[in-house]
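Summary of structural features
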Amino acid sequence: MFAKLIGLLDYIDEPNIKKIKKAYEFSKLSHDGQFRASGEPYVCHVLATAEIIAKWKLDAVSIISGLLHDTIEDGAVTRKDIEEEFGDEVALLVDGVTKVSHLKLKGTRTDKTIENLRKLILVMAKDLRVVLVKLADRLHNMRTLKYLPETKRKAIARETMEIYAPLAERMGMGEVKGELEDLAFKFLFEKEYQDLLKKSRQEYKKSEEHIKKMKRALLLDLVQKFDIICEIHGRRKHIYSLWKKLGRKSIDGDFSKVHDVVALRILVETKNDCYAALGIVHEHYKPVPNMGISDFIAQPKPNGYRSIHTKVFGPGNRVVEVQIRTYDMHQQAEYGAASHWAYSEAKSKDAGNTKLEAGVSVDENKLEWVKELVRWQEELKDSEKFLEAVKFDALSHRNFVFSPKGDVYDLPSGATPIDFACVIHTDLLWYIKSAKVNGNMVALDHELSSGDVVEILKSKNRILPNKGWLDFVVTQVAKRKIRSVYNLT
Ligand code: MN
């Protein structure tokens with residue numbers, strides 16, 4: 001059983017493989033005598049979770065956390081045990097995954113759900129690997145959902161559709177999002193799923209024949225005439241997103257109006273090759289007027305997706321979507337945040353880092369993902385209809401701000417750098433010289449907004465905090481600290 005995981009670890013060094021083996025033995029022991037609904041020993045589930053994580057090429061700490069992710073919950077192990085055996089990084093991740101599992105995210109969007117979602121974002125912001133491990137866990141649970149009783153199935157499928165699939169999308173993990181949605185779709189709308197499965201078979205077949213013809217013609221040109229190294233694939237649209245598209249008013253169930261039932265995907269080595277390939281495609285097949293080319297390389301989607309999409313008249317005048325991207329972009333489109341993490345391990349010492357101040361460096365990629373999460377919570381906040389329905393305002397009055405290291409802090413609206421300083425460290429109040437927000441100097445009464453990166457510039461020696469700060473600070477902790485300096489009550 002364990003051999004399959006080992007087979008995936010060719011990118012991990014020997015000392016870490018030893019640790020992974022140890023984690024497997026530890027997990028097996030702690031789940032001894034437990035079984036999954038499928039009848040398999042419980043350890044099969046954590047192994048499958050770890051295998052998914054290894055396929056995403058994440059680091060050893062993530063794989064170990066995958067193996068241990070249910071030991072606190074079901075295996076009567078404490079966080080302290082894990083810390084002693086595997087160190088605090090692993091303990092933090094396992095504890096985070098356990099906490100996320102406890103948050104009730106299912107069902108309707110009540111104030112409680114949103115509050116929990118907010119907590120989820122905070123847990124994730126501490127270390128994004130928490131959510132990657134959680135997504136791997138959920139993916140395996142969805143793959144084996146058929147073994148659970150009907151009522152449980154529906155609830156888990158709904159939670160997957162409402163929370164985890166959008167989460168995967170936010171993380172830029174297109175392939176994971178697609179699989180989660182398809183699995184949830186199957187259990188939530190059984191009849192629709194089966195119907196579409198039958199109908200789509202025919203359509204997939206027809207489209208794939210067209211794609212084959214195009215592939216032959218294009219390969220000949222790209223490789224032989226222009227010397228561009230490339231791969232060309234036909235890519236089937238995920239069944240849930242096909243269902244959604246067919247449901248659009250303008251399409252109304254008409255397959256011939258869906259142009260990417262099977263899309264043609266060209267993978268090349270460099271960005272320049274992408275544009276060269278685009279030219280060659282248009283030479284062979286005329287672009288469809290007014291449908292346009294989307295250049296997500298020049299202008300990536302907010303979740304980081306990059307690719308060129310164009311719609312052309314293929315064989316038989318059938319409209320076909322062509323997607324062109326580099327191998328790198330492809331890896332990122334499929335595995336998003338995970339591939340960033342895998343990359344950042346290797347790159348973190350040089351290119352990926354930006355110096356914000358001496359001694360503190362920020363991994364830009366990581367910070368981008370955290371900011372994306374903030375944008376998500378902004379959207380939740382902006383959804384007026386939803387807010388009206390639940391009359392819940394806790395979200396609209398909170399700001400998420402970041403330290404230069406990417407740690408996230410939750411501050412009330414109107415909070416200033418002084419509030420921030422009091423929240424991050426007990427003693428910092430005595431060393432405030434000035435403050436920067438997003439790299440620019442600001443006044444100490446500057447109002448912070450969500451997504452700001454706040455940095456306190458410290459003095460060498462202690463400075464008496466200014467009594468006047470009481471006029472603008474908003475957090476209780478800042479008021480209390482400043483008052484105590486002046487013995488005010
Ligand atoms: Mn699990």
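Look up: the structure comes first, before these words.
Now for a look at the structure at hand. (Residues numbered from 1 in each chain as written. Predicted model: local features only at pLDDT ≥ 70, side-chain atom pairs only at ≥ 80, totals over all residues. Heavy atoms only, no water.)

Along the protein chain, the regular secondary structure elements total 19 helices and 12 strands. By the burial criterion, 51% of the 489 residues in the protein chain qualify as buried. In the protein chain, the proportion of contacts linking residues at least 24 apart, taken out of those at least 6 apart, comes to 65%. If you sum the accessible surface of the protein chain, you get close to 24100 Å²; carbon and sulfur atoms cover 50% of it. (Helix = DSSP H or I, 4+ residues; strand = E, 2+ residues; numbered from the N terminus. Buried < 20%, exposed > 50% of the residue type's maximum accessible area, 1.4 Å probe, protein only. Contact = heavy atoms within 4.5 Å. Areas by Shrake-Rupley, 256 points an atom, 1.4 Å probe, with all protein chains shown as cover.)

Take the side chain of T326 next. If you trace the backbone, T326 turns up in strand β5 (residues 319–326). Relative accessible area serves as the criterion here: at 6%, T326 is assigned to the buried category. Within the local environment of T326, its side chain forms a polar contact with the backbone nitrogen of M329, the two atoms lying 3.1 Å apart. In this view, T326 contacts L267, V268, E269, T270, K271 and C274; residues no more than four positions away in its chain are not counted. (Polar contact = N/O pair within 3.5 Å; in protein donor to acceptor, adjacent residues only side chain to side chain.)

Moving on, we come to the pairing of strand β4 (residues 308–313). β4 sits mainly inside the fold: 5 of its 6 residues count as buried. Sheet analysis places strand β3 (residues 293–295) next to β4, joined by 3 bridges and oriented antiparallel. When the sheet's bridge partners are listed, S294 is paired in β4 with H309. Bridge count between β4 and β5: 6 bridges; the pairing is antiparallel. Within β5, the residue paired with I308 across the bridge is I324. Linking β4 back to β5 in an antiparallel pair, the connection comprises 5 residues, with G316 at a positive phi of about 70°. (Pairing = 2+ DSSP bridges.)

This part is about the packing of helix α4 (residues 60–68) against helix α7 (residues 88–102). For the pair α4 and α7, interaxial distance at closest approach is 9 Å and the crossing angle is 50°. By the criterion of interaxial angle, the relationship of α4 to α7 is oblique. As α4 packs across α7, the resulting crossing turns out to be right-handed. Counted together, V61, S62, I64, S65 and L68 of α4 and E89, V90, L93 and V94 of α7 form the full contact between these two elements. Split by residue class, the contact of α4 with α7 holds 6 nonpolar, 2 polar and 1 charged. (Axes fitted to C-alpha atoms, helices over the stretch in contact; angles between N-to-C directions. Parallel < 35°, antiparallel > 145°, perpendicular 65-115°, else oblique. Left-handed = near helix turned anticlockwise from the far one by under 90°. Nonpolar A, V, L, I, M, F, W, Y, C, P; charged D, E, K, R; others polar.)

What follows deals with the sheet that holds strand β12 (residues 454–458). Pairing is antiparallel in the open sheet, where 3 strands are placed in the order β11-β10-β12. In the strand order of this sheet, the two ends are held by β11 (440–442) and β12, each with one partner. Neighbour-to-neighbour, the strand axes of the sheet open up by a mean angle of 40°, direction not taken into account. Where strand β10 (residues 432–437) and β11 come together, 3 bridges link them in antiparallel fashion. Directly across from A435, in β11, lies its bridge partner V442. Each of β10, β11 and β12 is contacted by helix α18 (residues 417–424), which is oriented at about 80° to β12, the strand it contacts most.

Time to look at helix α13 (residues 239–246). Judged by how many residues are buried, α13 sits mostly within the fold: 6 of 8 residues are covered. Listing the buried residues of α13 in full gives I239, Y240, S241, L242, K245 and L246. In this structure, the buried residues of α13 make contact with α10 (150–170), α11 (174–188) and α12 (190–225).

Geometry sets the ideal angles at a metal, namely 109.5 degrees for four tetrahedral donors and 90 or 180 degrees for six octahedral donors. Looking at the manganese ion, one finds its protein donor set to be H45 (NE2), H69 (NE2), D70 (OD) and D137 (OD), positioned 2.2 to 2.3 Å from the metal centre. The sequence pattern formed by the donor residues of the manganese ion is H-x23-H-D-x66-D. Here D137 lies in helix α9 (residues 129–143) and H69 lies in the loop between α4 and α5 (71–74), a separation of 68 residues in the sequence. (Donors = N, O, S within 2.8 Å, 3.2 Å for Na, K, Ca; no water.)

Our next topic: the sheet that holds β5. An order of β1-β2-β5-β4-β3 is seen for the 5 strands of this open sheet, with the pairing classed as mixed. Here the strands that pair on one side only, and so sit at the sheet edges, are β1 (230–236) and β3. On average, each strand axis in the sheet is inclined to that of its neighbour by 20°, with strand direction left out of account. Sitting on the sheet, helix α14 (residues 271–284) is in contact with β2 (262–268), β3, β4 and β5, with an inclination near 160° to β5.

This part covers the packing of aromatic side chains. Counted according to the given criterion, the structure contains 9 aromatic pairs. Between Y240 and W243, the aromatic rings sit 6.0 Å apart at their centres with planes inclined by 35°, giving tilted as the arrangement. Of the two residues, Y240 and W243 are both situated in helix α13; the distance of 3 residues between them amounts to about one turn of the helix. What makes W243 partly exposed here is its relative accessible area of 28%. Looking at R36, its charged tip hangs above the ring of Y42, at a distance of 5.8 Å from the centre. (Phe/Tyr/Trp six-rings, centres within 6.5 Å; stacked < 30°, edge-to-face > 60°. Lys NZ or Arg CZ within 6 Å of the ring centre and 35° of its normal.)

The next thing to look at is the packing of helix α6 (residues 79–86) against α7. Each pair of packed helices can be described by the angle between their axes along with the distance between the axes. Packing of α6 against α7 brings their axes to within 7 Å, and their N-to-C directions diverge by 145°. Both α6 and α7 take part in a crossing whose hand is right-handed. Residues R79, I82, E83 and F86 of α6 touch α7, and the partners they reach there are D88, V90, A91, L92, V94 and D95. Tallied by class, the residues present in the contact of α6 with α7 amount to 6 nonpolar, no polar and 4 charged.

Attention now moves to the layout of surface pockets. When its volume is computed, the second largest pocket comes out at roughly 790 Å³. Around the second largest pocket, the lining comprises 30 residues; the ones closest to its centre are R36, Y42, R138, N141 and I156. Within the residue set of the lining of the second largest pocket, elements represented by two or more residues are α5, α7, α9 and α10. Residue contributions to the lining of the second largest pocket peak at 5 residues, all from α9. Looking at the lining of the second largest pocket residue by residue, the class counts come to 9 nonpolar, 9 polar and 12 charged. (1 Å grid on protein atoms, 1.4 Å probe; cavity = no way out; pocket = protein on both sides within 12 Å on 5 of 7 lines; lining within 4 Å. Points joined across faces, edges and corners; volume = space filled by probe spheres on them.)

Turning our eyes to something else, we now look at a positive patch on the surface. A grouping of K212, K213, K215 and R216 is seen on the molecular surface, where their side chains present a positively charged patch. Along the polypeptide, K215 turns up in helix α12. By relative accessible area, K215 is classed as partly exposed at 32%. (Patch = residues over 30% accessible without salt bridge, like charges linked within 9 Å, V, L, I, M, F, W, Y side chains within 5 Å. Salt bridge = Lys/Arg side-chain N within 4 Å of Asp/Glu carboxyl O. Lys, Arg positive; Asp, Glu negative; His and termini not counted. Charge placed at Lys NZ, Arg CZ, Asp CG, Glu CD.)

Moving on, we get to the nonpolar core. Ranked by internal contacts, the top residues of the largest apolar core, which has 96 residues, are I20, W56 and I266. If you look at the next biggest cluster of nonpolar residues, it comprises 22 residues, including V401, Y409, L428 and V473. (Core = buried A, V, L, I, M, F, W, Y, C linked by side-chain atoms within 4.5 Å.)

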